[in-house]
2 protein chains.
Amino acid sequence: MELSERKKKILTAVVEEYIRTAEPVGSKTVASTAKLGCSSATIRNELSELASMGYLEQPHTSAGRVPTPLGYRIYVNELMERHKLSLEETEEINRSLNEKLRELDHLVSNVGALASSLTNYPAMAIAASPPATISRFDLIYIDANTFIIVAMMSNNTVRNKLVRLPVSVGQDMIQRLSSVFNANFTGITEDRITPLMIRSAERAVDDTMGLTGVIASFAIEILSDSQTAEAAVYGANRLLSQPEYRDPDKAHALMSYISDADHLRELQLTDCGGGVRVLIGPENVAEELRDSSVVLAEYDMGGEAKGLIGVVGPTRMDYSSVAAKLSMIAEMLSMRLGNGAAPPPGLDNKLVIKGDSNEQQ
Amino acid sequence: MELSERKKKILTAVVEEYIRTAEPVGSKTVASTAKLGCSSATIRNELSELASMGYLEQPHTSAGRVPTPLGYRIYVNELMERHKLSLEETEEINRSLNEKLRELDHLVSNVGALASSLTNYPAMAIAASPPATISRFDLIYIDANTFIIVAMMSNNTVRNKLVRLPVSVGQDMIQRLSSVFNANFTGITEDRITPLMIRSAERAVDDTMGLTGVIASFAIEILSDSQTAEAAVYGANRLLSQPEYRDPDKAHALMSYISDADHLRELQLTDCGGGVRVLIGPENVAEELRDSSVVLAEYDMGGEAKGLIGVVGPTRMDYSSVAAKLSMIAEMLSMRLGNGAAPPPGLDNKLVIKGDSNEQQ
DNA sequence: ATTAGCACTCGAGGTCAGAGAGTGCCAATA
DNA sequence: TATTGGCACTCTCTGACCTCGAGTGCTAAT
C-alpha cells in the first residue's frame, strides 16, 4: 500500500525529529517542523493512521509517536535524503586513509577506529580473505643457531618467523629444507598438509633435529590464520554516550556481544551487494542485536578478499549520515586497495606499495 | 601509630565484607563475621576510632562504614592474606599461556585478554622495549617487479615488506641495495638516518627508481615503531558489571580514558620493582583514575624489554586475588620469555621458538 | 476534509510518612 | 577500665499520593 505524499512527509519528520532528540514526537512538533499547511489536529489523524499501519508506535497512550523498525525501514528505503558529505568530511576521510595506509599492517584496526570516530558509534571491522596458500618459502640463514622463515602467500602477504636452535645447523641443511618446502608445501591449503608429507620431507633432507616439523607447523599456522577473518570492535565506549544505553545492563549485554570476534565474524555472511546494508532492530539475526541497528559497508581488498566495515547503535541511528560515511570509507578504500586500480591520488610515492610488515618477538 | 590487634581484625573484616558486598558495613555484621568475643557496641567504639584515624568513612551519619583509600592501603600492605591461587587457577593460567605462546605475535593482546577474563576486570597490556636497531637486511628477489624486504632487529624481532614496482629491476640491483643497507643502515636508531645518507646510498647503488627511498622509509617506519610501546585494553565491557560504574557517565569517562593507548603508556613509568604494584584511588596520577584502582605487574620479555600487565577497577577491588593472579601471569611469562631461562616446562618442542610472524597486505 | 475545542490518560517529579538500619551516648556491669 | 545493653536519634529507602503538563482521541463546527 502506497503512502500519501503527506504521510510520507509526516513520517519523515517524525523519524528525523526522533533521531535528533530521542524523545517521542507529538503532533504539534510535527506541525511546526514539517511545514505542511495544516493544523496539529490533522496531523494527529495522520499519525494515528501511520501508527495503525505499523510505522509508528506510542510508548504509552498519551505520549508522542516513536518510529517502529518498520518505520525506520521505510525511511531508509524510500524517504531519507541521501546525505551528502561535506567537503570537510570527505577531506577528513581522504586524509585519514592516506595517513593510515602507510602502515597497512594495521589496516583493519585503523579503518575501524576511523569509522568509529567519524560516526561516534562503536565500529567493527572485519577482513575476510579466501583461504590462501603459500607461494614461496625463503629461509634466511643467520648463524649456526638461527634462521628466519619467510613465507610469501598467494594473497601477496608475507609472514615470517625467527627460529632459534639449541643445536648447530649448516647452510646446506637450510638450503635443502628450502627446496623441499618450495617443492612440496607451496600452493596447497592447510588440510592438504599431512603428517605423512612432513615425515617424508624429514627423510628427504635427512633432518634429525625436528627442523622440518618447525617449518611445517609454521606453515600450518599461517595457512590456518589466513582462513580466519580478522575482526574487532573499536570505540565500544561510544555506546555509552547514547541515551538508549544508559541502562548499564543493556549496554553491558551489547558491548559484551560485540566484543567477541566470533560474533562479529557472523556478520561476514551479510550480503551488502557491494554497497551499504542497513539492518534495523529485529532484522538482525542475533538476539543481542534485536534492539539495535547495524550499518555495514563492504570494500574490495583486491582479488577475492573482502573487507566489511560496520557500525552498531540504537535503532534511532542517524542512518543517512552513517550510511554516507561508511559508503565513502568503503569506496575510497576499494579504490586504494582494489586490484588493477590506478595508484591512489594521495599516495605520493612513485611506487605502488602493496606490502607491509610486522613484528615478532 | 600502630593499630591494636583487634582494630586490625575489624578493619580487615570491614574491607573484605565491603569488597564482597559493595554495601557499607555495620557494627553488627562485623561482630558476627569477625569472631572476636565482643559485642556490636564495642565494635562501634572501635569503628568510630578507625574512622577518626582516617581508615574508614561513613557515606552518611547513620550508615555503615566504608574503607577510605588509606584503609585499603593498610589492608593491601599489612592486613590482607596473600591469596593462594587454587591448583585449578594455576593450571588455567599455565595452560592458557602455553596455548597463546604458540602465536607470539599476538602476545600482548592474548595476555591482556587472559588477565581480563581471569579477574573479570578490564585489563591492559603494555609492552615496552628499548629502541631497537636493525641488525640485518635481506632483500628477497621475487621477480622483476617484486621483492621482499626482511629486516632483523636487535631485539630479535623480524619485520618484512613486500614491494611491488611499476618498473623492472634486476637481481644485481637488489644485491647492491642489500649490501649498501647492511653496510650503512644497521645498528643505528631512527634519528641517525638523515636525508643525506639516503641520497648517498642512492648514488652508491646508482638508483634512479626511488628504491633506496622505499627501503629507507621502511627502515624509518620500523625503527620508530620499535620505540612506541604497544598498549591496549581488553574486556573493557567488564567494567559495566561493577556496581560502582552503573552510572553511565562514570563508566563512559573511565572507559574512554583507558581506551586511549597514549594514556596507558603513561603507566609505563610506574615502577613495579619486578613485582606487583597497587595504585589505590587518589594515588593515581591521572585525574580520571582517581576513583578507581589499578593493579600492575611487570614481566621480563628478555633483554631490556619489559611488559606491563594491569587491571583497572573500583577501589573496592579484590586486591588479594587480583594481585595473586597478575603476579602469577607475570611470573610465568617471564619464565617463558626471559633470556637465559630454561625451556619452559609446558612448551613441548625440542626447540625454543623465539620468533613469530606477521602478515601484511 | 479540516479544524478548534475539550475531556481524558499517563508519566514525571515532588512531597510525605513509615520502616529499617545503623550510629552515638549513657549508665550499668565485670 | 574495658565492655555491654539499652535507647534515642539520624538518615536513607520505599511506596503512596498528588499535581502538572504534554499529548491524545473524539466530537461538533466549518
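Nothing here was measured: the structure is a model prediction, and the numbers come from that model.

Some words on the overall build of chain A
No. 1: Helix and strand content of chain A: twelve helices and ten strands.
No. 2: For 361 residues, the compact-globule estimate of 2.2 N^0.38 gives 21 Å, and the C-alpha radius of gyration of chain A, at 27 Å, exceeds that figure by more than 25%.
No. 3: Taken over the C-alpha atoms alone, chain A extends approximately 90 × 45 × 35 Å along its principal axes.
No. 4: Of all 361 residues assigned to chain A, the portion counted as buried reaches 53%.
No. 5: Nonlocal contacts in chain A, meaning residues at least 24 apart in sequence, comprise 61% of its contacts between residues at least 6 apart.

So, the protein's contact with DNA strand D
No. 1: Lining the immediate surroundings of DNA strand D are 22 residues, of which A:S27, B:R6, B:S39, B:T42 and B:S62 lie closest.
No. 2: Between a phosphate oxygen of DNA strand D and a side-chain N or O atom of B:T42, the distance comes to 2.3 Å.
No. 3: Only α3 (40–52) of chain A together with α3 (40–53) of chain B provide two or more residues apiece to the surface near DNA strand D.
No. 4: At four residues, α3(B) tops the list of elements feeding residues into the surface near DNA strand D.
No. 5: Here the surface near DNA strand D is built from residues that sort into four nonpolar, 14 polar and four charged.

Details of the protein's contact with DNA strand C
No. 1: Neighbouring DNA strand C are 22 residues; A:S39, A:T42, A:H60, A:S62 and B:S27 lie closest to it.
No. 2: Within the side chain of A:T61, an N or O atom sits 3.3 Å from a phosphate oxygen of DNA strand C.
No. 3: No other element matches α3(A), which puts four residues into the surface near DNA strand C.
No. 4: Looking at side-chain class alone, the surface near DNA strand C contains four nonpolar, 14 polar and four charged residues.

Concerning the domain arrangement of chain A
No. 1: By the assigned domains, chain A splits into domain 1 (5–79), domain 2 (87–129 + 229–353) and domain 3 (134–226).
No. 2: Placing the centre of domain 1 of chain A and that of domain 3 of chain A at their C-alpha centroids yields a distance of 65 Å.

Some thoughts on the nonpolar core
A general feature of soluble globular proteins is that nonpolar side chains tend to end up buried together.
No. 1: Judged by nonpolar contacts, the single largest core of 61 residues is most densely connected at A:L11, A:Y319, A:I329 and A:L333.
No. 2: For this core, the domains that each give at least three residues are domain 1 (5–79) and domain 2 (87–129 + 229–353) of chain A.
No. 3: Those residues in contact with A:Y319 that sit more than four places away from it in its chain are A:Y72, A:V76, A:M80, A:V278, A:I280, A:S293, A:V295 and A:P314.
No. 4: Membership of the second largest hydrophobic core comes to 60 residues, among which are B:L97, B:L118, B:A305 and B:L326.

Thoughts on the confidence of the model for chain A
No. 1: Within chain A, residue pLDDT values average 88, and 92% of them lie at 70 or more.
No. 2: Below pLDDT 50 for its whole length, residues 340–361 of chain A participates in 87 contacts with residues either more than four positions away or in separate chains.

Here's the deal with the packing of helix α1 (residues 5–21) of chain A against α3(A)
All names here are of chain A.
No. 1: Contact pair α1 / α3: the axes reach a minimum separation of 10 Å and the direction vectors enclose 85°. With respect to their mutual orientation, α1 and α3 come out roughly perpendicular. Listed contacts from α3 to R6, K7, I10, L11 and V14 of α1 are T42, I43, E46, L47, E49 and L50.
No. 2: For the contact of α1 with α3, the per-class residue count stands at six nonpolar, one polar and four charged.

Section: the sheet that holds strand β10 (residues 306–314) of chain A
Each strand in a sheet pairs with its neighbour through backbone hydrogen bonds, running either in the same direction (parallel) or in the opposite one (antiparallel).
Residue and element names in this part refer to chain A.
No. 1: With respect to topology, five strands assemble into an open sheet ordered β7-β3-β10-β9-β8, the strand pairing being antiparallel. Two strands close off the open sheet at either side, each with one partner strand: β7 (230–234) and β8 (276–280). Between one strand and the next, the sheet's axes are offset by a mean angle of 15°, whatever the strand orientation.
No. 2: Pairing of strand β9 (residues 292–300) with β10, which is carried by nine bridges, proceeds in the antiparallel orientation. The residue of β10 that forms the bridge with Y299 is G307.

Some points on the environment of B:A251
No. 1: With respect to the helices and strands, the residue B:A251 is situated in helix α10 (residues 248–258).
No. 2: Looking at B:A251, the relative accessible area reads 0%, which means it is buried.
No. 3: Residues B:A251 and B:R316 lie 65 residues apart in sequence; the distance between their C-alpha atoms is 15 Å.
No. 4: Residue contacts for B:A251: discarding those within four places in its chain leaves A:L240, B:L239, B:L240 and B:Y245.

Overview of the pairing of strand β6 (residues 158–164) of chain A
No. 1: Most of β6(A) is tucked away: six of the seven residues are buried.
No. 2: Where strand β5 (residues 146–153) of chain A folds back on β6(A), the antiparallel hairpin that results is connected by four residues, among which A:N156 adopts a positive phi of roughly 65°.

Some points on helix α5 (residues 87–101) of chain A
Residue and element names in this part refer to chain A.
No. 1: Between the first and last C-alpha of α5 there are 21 Å, a value that for 15 residues agrees with the 21 Å anticipated at 1.5 Å per step.
No. 2: Along α5, the positions that sit buried rather than exposed are T90, I93, S96, L97, N98 and L101.
No. 3: Elements in contact with the buried residues of α5: α6 (107–119) and α12 (319–337).

Thoughts on the packing of aromatic side chains
All names here are of chain A.
No. 1: In the structure shown here, the tally under the stated rule is six aromatic pairs over all chains.
No. 2: Centre to centre, the rings of F137 and F181 are 5.3 Å apart; their planes meet at 55°, and the pair counts as tilted. Of this pair, F137 sits in strand β4 (residues 134–143) while F181 sits in helix α7 (residues 171–184), placing them 44 residues apart in sequence. In terms of burial, F137 and F181 fall into one category: buried.
No. 3: Among the aromatic side chains, those forming a connected cluster through ring pairs are F137, F181 and F185.

How each quantity is defined
- Residues numbered from 1 in each chain as written.
- Chains lettered and ligands numbered in written order.
- Predicted model: local features only at pLDDT ≥ 70, side-chain atom pairs only at ≥ 80, totals over all residues.
- Heavy atoms only, no water.
- Helix = DSSP H or I, 4+ residues; strand = E, 2+ residues; numbered from the N terminus.
- Rg over C-alpha atoms; globule rule 2.2 N^0.38 Å.
- Buried < 20%, exposed > 50% of the residue type's maximum accessible area, 1.4 Å probe, protein only.
- Contact = heavy atoms within 4.5 Å.
- Near = heavy atom within 4 Å.
- Polar contact = N/O pair within 3.5 Å; in protein donor to acceptor, adjacent residues only side chain to side chain.
- Nonpolar A, V, L, I, M, F, W, Y, C, P; charged D, E, K, R; others polar.
- Domains from an automatic or database assignment.
- Core = buried A, V, L, I, M, F, W, Y, C linked by side-chain atoms within 4.5 Å.
- pLDDT = per-residue confidence, 0-100.
- Axes fitted to C-alpha atoms, helices over the stretch in contact; angles between N-to-C directions.
- Parallel < 35°, antiparallel > 145°, perpendicular 65-115°, else oblique.
- Pairing = 2+ DSSP bridges.
- Expected span 1.5 Å × (residues − 1).
- Phe/Tyr/Trp six-rings, centres within 6.5 Å; stacked < 30°, edge-to-face > 60°.

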